[in-house]
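What follows is the residue order along each chain.
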Amino acid sequence: MPSQSPQTPLAVFVYGTLQPGEHYYQVLNLAPWVESATPAQVRGQLYALPAGYPALTEGKDWVSGVLLRFRSAALLPRLDDLEGYVPDRDRSLNLYERCWETIYDQMGQPLEEAWLYRMAIAAVTRQRGIEVPSGHWTAAVQAELWGPRVEH
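Residues numbered from 1 in each chain as written. Predicted model: local features only at pLDDT ≥ 70, side-chain atom pairs only at ≥ 80, totals over all residues. Heavy atoms only, no water.

- Under an unreviewed UniProt entry, the protein chain has the name Gamma-glutamylcyclotransferase family protein and belongs to Synechococcus elongatus PCC 11801.

Some words on the pairing of strand 5 (residues 110–118)
A regular strand carries its side chains on alternate faces of the sheet.
Part 1 of the reasoning: Sheet analysis places strand 4 (residues 97–104) next to strand 5, joined by eight bridges and oriented antiparallel. Considered in strand 5, the bridge of E101 is made with A114.
Part 2 of the reasoning: In sequence, strand 4 turns back onto strand 5 through a hairpin of five residues, with G108 there showing a positive phi of about 85 degrees. (Pairing = 2+ DSSP bridges. Helix = DSSP H or I, 4+ residues; strand = E, 2+ residues; numbered from the N terminus.)

Observations concerning the UniProt feature "domain: Gamma-glutamylcyclotransferase AIG2-like" (unreviewed entry) in the protein chain
Part 1 of the reasoning: The feature "domain: Gamma-glutamylcyclotransferase AIG2-like" (unreviewed entry), as given by UniProt, occupies residues 12–138 in the numbering adopted here.
Part 2 of the reasoning: Secondary structure content for residues 12–138 is 14% helix and 43% strand, while the C-alpha to C-alpha distance between its ends is 18 Å. (UniProt positions renumbered as here; feature names shortened; annotations may be inferred.)

Structural notes on the packing of aromatic side chains
Part 1 of the reasoning: Applying the stated criterion to the full structure yields four aromatic pairs.
Part 2 of the reasoning: Measuring from centroid to centroid gives 6.5 Å for Y85 and Y117, while their planes differ by 70 degrees, and the two rings are edge-to-face. One end of the pair, Y85, is in the loop between helix 2 (76–82) and strand 4; the other, Y117, is in strand 5, and 32 residues separate them in sequence. Considered together, Y85 and Y117 belong to a single accessibility category, that of buried residues.
Part 3 of the reasoning: Cation over ring: R98 sits above W115, and NZ or CZ is 4.3 Å from the ring centre. (Phe/Tyr/Trp six-rings, centres within 6.5 Å; stacked < 30°, edge-to-face > 60°. Buried < 20%, exposed > 50% of the residue type's maximum accessible area, 1.4 Å probe, protein only. Lys NZ or Arg CZ within 6 Å of the ring centre and 35° of its normal.)

So this is what it looks like as structure tokens:
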């Protein structure tokens, strides 16, 4: 796991509202921070939650998203705040857990390691998450499953 000083670049795999074109990519004004955006995937299971955003859990399937490379790690606390993650807090109190994992290209070949946010399956179950079998979340997929709503 890397130490993230504000001056170092930051790599984060996103699969939901932080993807380019989605709600929180716009709200957080991420475009000026992004050096590159690469289609990518990770192993896991993807769920749409009734609150209007997805959750990634442990699993064997491919979940697609985007590997964002940011100019500065100074953005990481803002992302943690959005994702309900506090580094030194008991894991059970976090909405998501920030994990350092290998990210893969669309052919299943390793790209690099990056941060991503996973939710415990118990939390997904409590929130009545609906599995997204395609492994690809968009606001349109969310609307099909739960109706149009974005609160996260």
